[in-house]
Amino acid sequence: MRTFRIALAQVNPTVGDLQGNRDLVLRFAREAAAQGADLVAFPELVVTGYPPEDLLLKPQFIRDNLKVAQELAAASTRIPMLFGFVDMRDNEVYNAAALAAEGRIVGVYHKIYLPNYGVFDEDRYFRPGRVCPVFVLNGTPLGINICEDIWYAIGPVAVQREAGAEVIVNINGSPYHMGKRLFREKMLATRASDNLLFIAYVNTVGGQDELVFDGASMVFDQNGDLVARAKQFQEDLLVVDLPVESVFRQRLRDPRPRKDAPFLQHIGTAQRIHVSAYSPRERPPITPRTEEPLDPIGEVYHALVLGVRDYVRKTGHQKVVIGLSGGIDSSVTCCVAVDALGPQNVLGISMPSRYSSEGSILDARALAQNLGVDLWVVPIEPAHAAYLDMLAPHFKDLPPDVTEENIQARIRGNILMAISNKFGMLVLSTGNKSEMATGYCTLYGDMAGGYAVLKDVPKTLVYRLAEWRNAHGTPPNPIPPSVLKKPPSAELRPGQRTEEERLPFRLLDPILKAYVEEDRTFEEIVAMGYDAEVVKRIIRWVDRNEYKRRQAPPGIKITPRAFGRDRRMPIVNRYPHF
């Protein structure tokens, strides 16, 4: 039986590191060749890293990327390679995939469907393609397309199937959010079974600014069954033998795909390119490998770890500093940082004030000891008292309010930034999505930092992450039980309780999800069973605090709609929402 051995190289490129990305591709290509693969496929825009954003507006960047593409092609004498790069034709720029073999590029595919929603801005940079090539490689017709192209039932996949493709290789830069893996798998299974062909889906892995790419590359057969799955959140080479003769037999018995033909002409022109005839090879068969996926909370935790690791390392930092309050947010942030970077690269700072409880101080100390990180204690009382004395003549006869509370938060932010400056450490801020959404955070205070680990993590999910981390990983149970049990508090005044000042998070978070992530109206949210006045209060908090979020550090996208590039609301905005 004719088989085609494909290697999916799930790699972690760095945006702009053209030479480093080239070397990464070549290293995985050598490994794929050693395993006897007929083709090794790499992710979308692997040459440039994804997404390159406005680097694409620099002509020299385009030219340098083209040079690297030619260097990779020259190295294809050992094994055919499929890789993503930026192509340029007639002064137009394309998101492209090159098939290289025998030392040259034998054909190029230009992405047809350019996403321009959510975190994607591809219409800003690229021109869409119009040709859907099928490459006959080692006697097997391969359709090649890119990421978004496969999401359309009547799209490039159907055109390439009509041109005889038995295998579709789809290269991706598909970022993670909760629940996306299952959504992808369902779509890919449907596309494979509807078109009666194999689908090999290779995704990038790694962190890039606010995005995390989870890998989880997959292969589905013509029945829509999962054949193989790569690891999540780490580099991997998935090698699979595809019994491609079975596709032809099944198509003879199932005429459904033929009905699509009249609808395909507007999508793109089919093109068949012969590269090499079938040549049987003596090689031991490879048993398909299907990695077990992480549970939903484990996925989120690993996404946070990978996002922190890559942001810190790819920006040239080695160490991070975190303000440890003894609360749940800073505890989870510290666990993520330690798992990402190692305890030797994490410094905790305890900054007690006149309002800090003894329990919080002890909890911060216990967490640091459990994780093996250094903890410095820097009391803020001298600075706090000095601020109050300096401002006393001007605040005379005015009662204390949030002003005095924010002074404490800003002193702490100043201390963290001073340590960052002195020792070259990146400050990780610890605020969660519930607080960012409602403005329960202080500009230049607890919002100060270079990276916001929990920026897109609702408070209720923070608790689930803490429980998950205590049950998994090394060391076990790093977060003291008292941290999970005590009421959340900023401890900026006597007896302060976060849920008394805002709302219980079990009530707050679902309303925030409905308003921020799902764009539900006031009336729709009330119809879900929530009190109208409560909903109005939450909407006001969200709308009033856009200016704060605009000044926040970048953070890791976890939910389907994150603050930042995913949700772009005007700061000056008088549209009434109720």
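Positions within a chain are numbered from 1, following the residues in the order the chain's sequence is written. Local features are withheld for residues below a pLDDT of 70 in this predicted model, meaning they are given only at 70 or higher, and side-chain atom pairs are given and counted only at 80 or more; totals for whole chains, interfaces and linings count all residues. Side-chain figures throughout are based on the complete set of non-hydrogen atoms in the structure, without hydrogens or water.

Participant: How should the overall build of the protein be read in this particular structure?
Facilitator: In terms of regular secondary structure, the protein is built from 18 helices and 20 strands. We take the radius of gyration over the C-alpha atoms and set the globule estimate at 2.2 Å times the residue count to the 0.38 power. Relative to the globule expectation of 25 Å for 578 residues, the C-alpha radius of gyration of the protein, 27 Å, shows essentially globular dimensions. C-alpha atoms of the protein, sized along the principal axes, occupy 90 × 50 × 45 Å. Within the protein, buried positions represent 58% of all 578 residues. Contact between two residues is taken to exist if any of their heavy atoms lie within 4.5 Å; hydrogens are not considered. Long-range pairs, those at least 24 residues apart, make up 76% of the contacts in the protein between residues at least 6 apart in sequence. Where accessible areas are quoted, they stem from the Shrake-Rupley method and a 1.4 Å probe; at the residue level, only the protein chains shown are allowed to cover. Split by element, the accessible area of the protein, about 24100 Å² in all, is 53% carbon and sulfur. By the counting rule applied here, Lys and Arg register as positive and Asp and Glu as negative, while His and the ends of each chain are not counted. Think of each charge as sitting on NZ of Lys, CZ of Arg, CG of Asp or CD of Glu. Placing the 69 positive and 69 negative side-chain charges of the protein at their respective mean positions leaves the two points 2 Å apart. Only DSSP runs of H or I with at least four residues qualify as helices, and only runs of E with at least two residues qualify as strands; both kinds are numbered from the N terminus onward. Accessible area is worked out with a 1.4 Å probe on protein chains only. A residue is then buried under 20% of its type maximum, exposed over 50%, and partly exposed in between.

Participant: Even after reading the chapter, I still don't get the pairing of strand β8 (residues 167-172), so can you show me in this structure?
Facilitator: If a strand is regular, its side chains alternate between the two faces of the sheet. Burial analysis of β8 places 6 of its 6 residues in the buried class, which makes it a mostly covered element. Alternating positions in β8 separate into two faces, Val167, Val169 and Ile171 on one and Ile168, Asn170 and Asn172 on the other, with burial throughout. In this structure, strand β7 (residues 140-146) lies alongside β8, joined through 5 bridges in parallel fashion. Residue pairing across strands places glycine 143 opposite isoleucine 168, the latter belonging to β8. For the segment spanning β7, helix α3 (residues 156-162) and β8, crossover handedness is right-handed. By definition, two strands form a pair when at least two bridges between them are found by DSSP. With 6 bridges joining them, β8 and strand β9 (residues 198-203) adopt parallel strand pairing. Clockwise travel from the first strand over the helix to the second, with the strands pointing away from the viewer, marks a crossover as right-handed.

Participant: Before we go on, may I ask you to explain a nonpolar patch on the surface in this structure?
Facilitator: Surface patches are drawn from residues lacking salt bridges whose relative accessible area is over 30%; two like charges belong together within 9 Å, two nonpolar side chains (Val, Leu, Ile, Met, Phe, Trp, Tyr) within 5 Å. One side-chain nitrogen of Lys or Arg within 4 Å of one carboxyl oxygen of Asp or Glu is enough to make a salt bridge. Residues Tyr547, Ile571 and Val572 make up a contiguous nonpolar surface patch of about 310 Å² in total accessible area. Judged by relative accessible area, which is 37%, tyrosine 547 ranks as partly exposed.

Participant: Please clarify how helix α4 (residues 180-195) should be interpreted in this entry.
Facilitator: Given 3.6 residues per helical turn, the α-helix brings residues three or four places apart onto the same face. Take the number of residues in a helix, subtract one, and multiply by 1.5 Å to get its expected span. For α4, with 16 residues, the first-to-last C-alpha span of 22 Å sits near the 22 Å given by 1.5 Å per residue. Residue leucine 196 follows α4 closely and has a positive phi angle near 55°.

Participant: Could you clarify how one ought to interpret the packing of helix α6 (residues 296-314) against helix α7 (residues 328-341) in this entry?
Facilitator: For any two helices packed against each other, the geometry comes down to the angle between their axes and how far apart the axes lie. Every axis in this analysis is a line fitted to C-alpha atoms, fitted for helices over the stretch in contact. Angles between the N-to-C directions lie between 0 and 180 degrees. One can describe the packing of α6 onto α7 by two numbers: an axis separation of 8 Å at closest approach and a directional angle of 65°. In the packing of α6 onto α7, the handedness of the crossing is right-handed. Across from Tyr301, Leu304, Val305, Val308, Arg309, Val312 and Arg313 in α6, the residues of α7 making contact are Cys335, Val336, Ala337, Asp339, Ala340 and Leu341. Each residue belonging to the contact of α6 with α7 can be placed in one class, and the counts come to 10 nonpolar, no polar and 3 charged. By definition, turning the near helix anticlockwise from the far helix through less than a right angle yields a left-handed crossing, and turning it clockwise yields a right-handed one. Ten residues, namely Ala, Val, Leu, Ile, Met, Phe, Trp, Tyr, Cys and Pro, are considered nonpolar, four, namely Asp, Glu, Lys and Arg, are considered charged, and the remaining ones, Gly among them, are considered polar.

Participant: Can you walk me through the side chain of glutamate 148 in this structure?
Facilitator: As for its placement among the helices and strands, glutamate 148 is situated in the loop between β7 and α3. Here glutamate 148 is buried and forms no salt bridge, its nearest opposite-charge partner lysine 111 lying at an N-O distance of 5.9 Å. Not counting residues within four places of it along the chain, the set of residues in contact with glutamate 148 comprises Lys111, Tyr113, Pro115 and Tyr117.

Participant: Please clarify how the nonpolar core should be interpreted in this entry.
Facilitator: Nonpolar side chains in soluble globular proteins generally cluster together in the buried interior. Residues Leu304, Val308, Val332, Cys334, Leu428, Leu465 and Ile558 are the most contacted members of the largest nonpolar core, which totals 48 residues. Elements represented by at least two residues in this core include exactly α6, β16 (320-323), α7, α8 (358-371), β19 (426-429) and α12 (459-471). With 10 residues, α6 is the largest single contributor of residues to this core. Among all residues touching cysteine 334, those that are not within four sequence positions of it are Ile322, Leu324, Val346, Leu367, Leu371 and Val373. The nonpolar core is taken to be a set of buried Ala, Val, Leu, Ile, Met, Phe, Trp, Tyr and Cys residues, with the residues joined through side-chain atoms within 4.5 Å.

Participant: Can you help me understand the pattern of salt bridges in this one?
Facilitator: Two side chains with opposite charge may pair up if their charged atoms get near one another. One pass over the full model with this rule turns up 36 salt bridges. A salt bridge links aspartate 339 to arginine 469; the nearest nitrogen and oxygen atoms lie 2.8 Å apart. Remark: arginine 469 occurs in helix α12 and aspartate 339 occurs in helix α7; sequence separation between them is 130 residues. A relative accessible area of 25% means that aspartate 339 is categorised as partly exposed. The closest approach of N and O atoms between arginine 549 and glutamate 546, which form a salt bridge, is 2.9 Å. In this pair, arginine 549 and glutamate 546 both sit in helix α18 (residues 546-550), 3 residues apart, roughly one turn of the helix.

Participant: When you look at empty space enclosed by the protein in this model, what are you seeing that I'm missing?
Facilitator: Over the atoms rolls a probe the size of a water molecule, and in doing so it shows where empty space is left. Method remark: on a 1 Å grid restricted to protein atoms, a set of points is classed as a cavity if a 1.4 Å probe fits but cannot get out and as a pocket if it is open with protein on both sides within 12 Å along at least five of seven lines; lining residues have an atom within 4 Å of a point. Grid points are joined across faces, edges and corners, and a volume is the space filled by probe spheres set on the points. Across all of its chains, the model carries 5 cavities of 30 Å³ or more by this definition. One number sums up the size of the largest cavity: a volume of about 140 Å³. Lining the largest cavity are 14 residues, and of these Tyr50, Pro51, Asp121, Glu122 and Tyr125 lie nearest its centre. For the lining of the largest cavity, a count of residues per class yields 10 nonpolar, no polar and 4 charged. Within this model, the second largest cavity holds a volume of roughly 70 Å³. Residue lining of the second largest cavity: 13 residues in total, with Pro13, Tyr50, Thr204, Gln208 and Phe213 positioned closest to the centre.

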